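Listed here are the chains, written in short residue letters.
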Amino acid sequence: MISLNIEKTFGFISKENVFAYEAQVKAAQEALENGTGQGNDFLGWLHLPSSITKEHLADLKATANVLRENCEVVVVAGIGGSYLGARAVIEALSNSFTWLQDKKTAPVILYAGHNIGEDYLFELTEFLKDKKFGVINISKSGTTTETALAFRLLKKQCEDQRGKDMAKKVIVAITDAKKGAARITADNEGYKSFIIPDNVGGRFSVLTPVGLLPIAIAGFDIEKLVAGAVAMEKACGKEVPFADNPAAIYAATRNELYKSGKKIEILVNFNPKLHYVSEWWKQLYGESEGKENKGIFPAAVDFSTDLHSMGQWIQEGERTIYETVISVESTQHKLQVPSDEANLDGLNFLAGKRVDEVNKMAELGTQLAHVDGGVPNIRLVIPALNEETIGGLLYFFEIGCGISGYILGVNPFDQPGVEAYKKNMFALLNKPGYEEESKAIQARL
Ligand code: PA5
């Protein structure tokens, strides 16, 4: 279970002011529960963990097994909420070097459809040339350009390389129940498909098949992942008193910090496996809160790596930041620093110590230095990296986001701002239906 510690924000904001949010948090929780707030048609994530059935998980696992048995590589085609959750969990739980090893126990998971890089796509298709690969085409709207473009390439390559019949077996669609090109293609081709519920937005969809299927293919226990989320759903429920509810405290603290002038939240980890959890979190909070000219800017760093790059800015730059550190109590493996007779590097004072002891002192030293430098610090501790804790962490951030967005006074469940670039891109590419926009944009160039 997660423990949240906000003690090191108290030199900057007061405990009293954080606890003064209790009524606002309650109102936000009521609005979420009763569906009376903004964006109330997108609240399917709220009790999603506890509503996932054994049958649904069995269906996902059966499909995962088909791909595990028939593929060396599975490409997850999706962007934003349609790939970041799966990638966050898979990278948090995977051995950092498995994909380089010859003996593999699960297909290698690769990603596409999250950029329009020609070199990236060329190199991916080259890499796949001699591989038995499958594809999961993930798109709620079913019309996202980046994903559709990558899928067009991958579908053709899979059919050419593996034959139409095998392609049908190893291509899976995760999309809307009825609408969008991905749904039509899946139905026409007879692909196995899963539905993204109407009332679950992309960035809240990690516990739908969007996240669960790739995670199961990668060999992780989706039952435990969901169980971790269910436990967190309880721990962050509206009946839990404010002081004991980590999501309530997190939402209140970040809003109070924002009010006090801290405009940027930096999510920090001391474990490189959490890099994509931060990427997922950035989308969750950025897309949910950044609107109406408001919202904390979500940034992220991997320490101690980035202490040697961003550390200077964080220690002494403009004092508009605070940090939220995800601290992992226990590592999966043990490794001691060896003793060295010559001791030319002067590291014998560490000989016999675990590498993690050094990391933990880096973490503590950084926390104290940054607090001294004017950076409030929120600390989230999880016991270890495993399916349960990651499932819990994901749900914690989702409910924290819903509460926080309502306190801020925005609709945390829409994303009107992401359409602007698409309109211009389609106009510039002369997409049929964009004739007027094309003329207008050409006149600006
Ligand atoms: O959170 C969101 O809604 C977005 O990030 C979407 O997930 C992303 O734009 C992909 O959309 P789609 O799943 O419709 O392809």
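Computed from a predicted structure; not experimentally measured. Just so you know, the residues in each chain are numbered from 1, in the order the chain's sequence is written. Two thresholds apply to this predicted model, a pLDDT of at least 70 for residue-level local features and 80 or more for giving and counting side-chain atom pairs, whereas whole-chain, interface and lining totals are computed over all residues. Excluding hydrogens and water, the side-chain values take into account all heavy atoms of the structure.

Here's the deal with the overall build of the chain
Here is step 1 of the chain: From N to C terminus, the chain includes 17 helices and ten strands.
Here is step 2 of the chain: In this setup the radius of gyration rests on C-alpha atoms only. A globule is expected at 2.2 Å times the number of residues raised to 0.38. For a compact globule of 445 residues, the expected C-alpha radius of gyration is about 22 Å, and the chain comes in at 23 Å, within 12% of that figure.
Here is step 3 of the chain: Projected onto the principal axes, the alpha-carbon positions of the chain cover approximately 60 × 60 × 55 Å.
Here is step 4 of the chain: Within the chain, buried positions represent 52% of all 445 residues.
Here is step 5 of the chain: The long-range share in the chain, meaning contacts at least 24 apart out of those at least 6 apart in sequence, stands at 78%.
Here is step 6 of the chain: About 20700 Å² of surface is accessible on the chain, with carbon and sulfur atoms providing 54% of the total.
Here is step 7 of the chain: Positive charge is attributed to Lys and Arg, negative charge to Asp and Glu, and no charge count is given to His or to the chain ends. A charged residue contributes its charge at one atom only: NZ of Lys, CZ of Arg, CG of Asp or CD of Glu. Each charge class in the chain can be summarised by its mean position, and for the 47 positive and 57 negative side chains these summaries are 4 Å apart. In this description a helix means any DSSP run of H or I spanning at least four residues, a strand means any run of E spanning at least two, and both kinds are numbered starting from the N terminus. Categorising residues by exposure relies on relative accessible area from a 1.4 Å probe, with only protein chains included: less than 20% of the type maximum marks a residue as buried, more than 50% marks it as exposed, and the intermediate range marks it as partly exposed. Should any heavy atoms of two residues lie within 4.5 Å, those residues are considered in contact. Only the protein chains shown count as cover for residues, and the accessible areas themselves come from Shrake-Rupley with a 1.4 Å probe.

Brief notes about the sheet that holds strand S7 (residues 264-269)
Here is step 1 of the chain: When DSSP finds two or more bridges between two strands, those strands count as paired. Ordered by their spatial adjacency, five strands build an open sheet running S1-S10-S9-S7-S8, and the pairing between neighbours is mixed. Where the open sheet ends on each side, the last strands, each with one partner, are strand S1 (3-5) and strand S8 (297-302). Direction aside, the axes of adjacent strands within the sheet are offset by 20 degrees on average.
Here is step 2 of the chain: In this structure, S7 lies alongside S8, joined through six bridges in parallel fashion. Among the inter-strand pairings, Asn269 is bridged to a residue of S8, identified as Asp302. Each axis is a line fitted through C-alpha atoms, taken for helices only over the stretch in contact, and angles between the N-to-C directions span 0 to 180 degrees.

Regarding the site of the ligand
Here is step 1 of the chain: The environment of the ligand is formed by 13 residues, the closest being Ser82, Ser139, Ser141, Thr144 and Gln283.
Here is step 2 of the chain: Ser139 places a side-chain nitrogen or oxygen 2.6 Å from an oxygen atom of the ligand.
Here is step 3 of the chain: Thr144 is positioned such that a nitrogen or oxygen atom in its side chain is 2.5 Å from an oxygen atom of the ligand.
Here is step 4 of the chain: Throughout this entry, Asp, Glu, Lys and Arg are counted as charged residues, while Ala, Val, Leu, Ile, Met, Phe, Trp, Tyr, Cys and Pro are counted as nonpolar. The remaining residues, Gly among them, count as polar. Classifying every residue of the shell around the ligand by side-chain character gives one nonpolar, nine polar and three charged. The criterion for a residue being near a molecule or strand is simple. One of its heavy atoms has to lie within 4 Å of it. A 3.5 Å cut-off defines polar contacts: any pair of N or O atoms within that distance qualifies, except that in protein one atom must be a possible hydrogen donor and the other a possible acceptor, and neighbouring residues in sequence count only when both atoms are side-chain atoms.

Thoughts on the side chain of Glu146
Here is step 1 of the chain: Topologically, Glu146 is positioned in helix H7 (residues 145-170).
Here is step 2 of the chain: Comment: no salt bridge for buried Glu146; closest opposite-charge side chain is Lys422, at 6.6 Å.
Here is step 3 of the chain: Here the side chain of Glu146 touches Tyr421 through a polar contact of 2.6 Å, side chain to side chain.
Here is step 4 of the chain: For Glu146, the residues in contact, after removing those within four places along its chain, are Ile79, Gly113, Asn115, Ile116 and Tyr421. Think of a salt bridge as a Lys or Arg side-chain nitrogen and an Asp or Glu carboxyl oxygen that are within 4 Å of each other.

Things to note about the domain arrangement of the chain
Here is step 1 of the chain: Where a domain begins and ends is set by an automatic assignment or by a domain database. Per the domain assignment, the segments making up the chain are domain 1 (3-37 + 226-412) and domain 2 (48-220).
Here is step 2 of the chain: Just the C-alpha atoms count here: the centres of domain 1 and domain 2 sit 29 Å apart.
Here is step 3 of the chain: Each partner contributes to the interface: domain 1 provides 25 residues, whereas domain 2 provides 25 residues.
Here is step 4 of the chain: By buried area we mean the combined loss of accessible area, with a 1.4 Å probe, across both parts when two parts are placed together. Between domain 1 and domain 2, the buried area comes to about 2100 Å², and carbon and sulfur atoms account for 66% of it.

Quick word on the pairing of strand S3 (residues 108-112)
Here is step 1 of the chain: Summarising burial for S3: four of the five residues are buried, a large majority.
Here is step 2 of the chain: Summarising the sheet, strand S2 (residues 73-77) and S3 pair through five bridges and their orientation is parallel. The residue bridging Val76 from the neighbouring strand is Tyr111, located in S3.
Here is step 3 of the chain: Convention used here: a crossover is right-handed provided that the path from the first strand, over the helix, to the second strand proceeds clockwise when the strands point away from the viewer. Where the polypeptide runs from S2 across helix H5 (residues 84-93) and back to S3, its parallel neighbour, the crossover connection is right-handed.

Looking at the environment of Thr36
Here is step 1 of the chain: By the element assignment, Thr36 lies in the loop between helix H2 (22-34) and helix H3 (48-51).
Here is step 2 of the chain: Once you skip the residues sitting within four places of it in the chain, Thr36 turns out to touch Glu30 and Ala31.

Regarding the packing of helix H4 (residues 54-70) against helix H10 (residues 222-235)
Here is step 1 of the chain: Where H4 contacts H10, the axes come no closer than 10 Å and their chain directions differ by 145 degrees. Note on element contacts: H10 touches H4 through Ile222, Glu223 and Val226, opposite Leu57, Leu60 and Lys61.
Here is step 2 of the chain: Of the residues contributing to the contact of H4 with H10, the split by class is four nonpolar, no polar and two charged.

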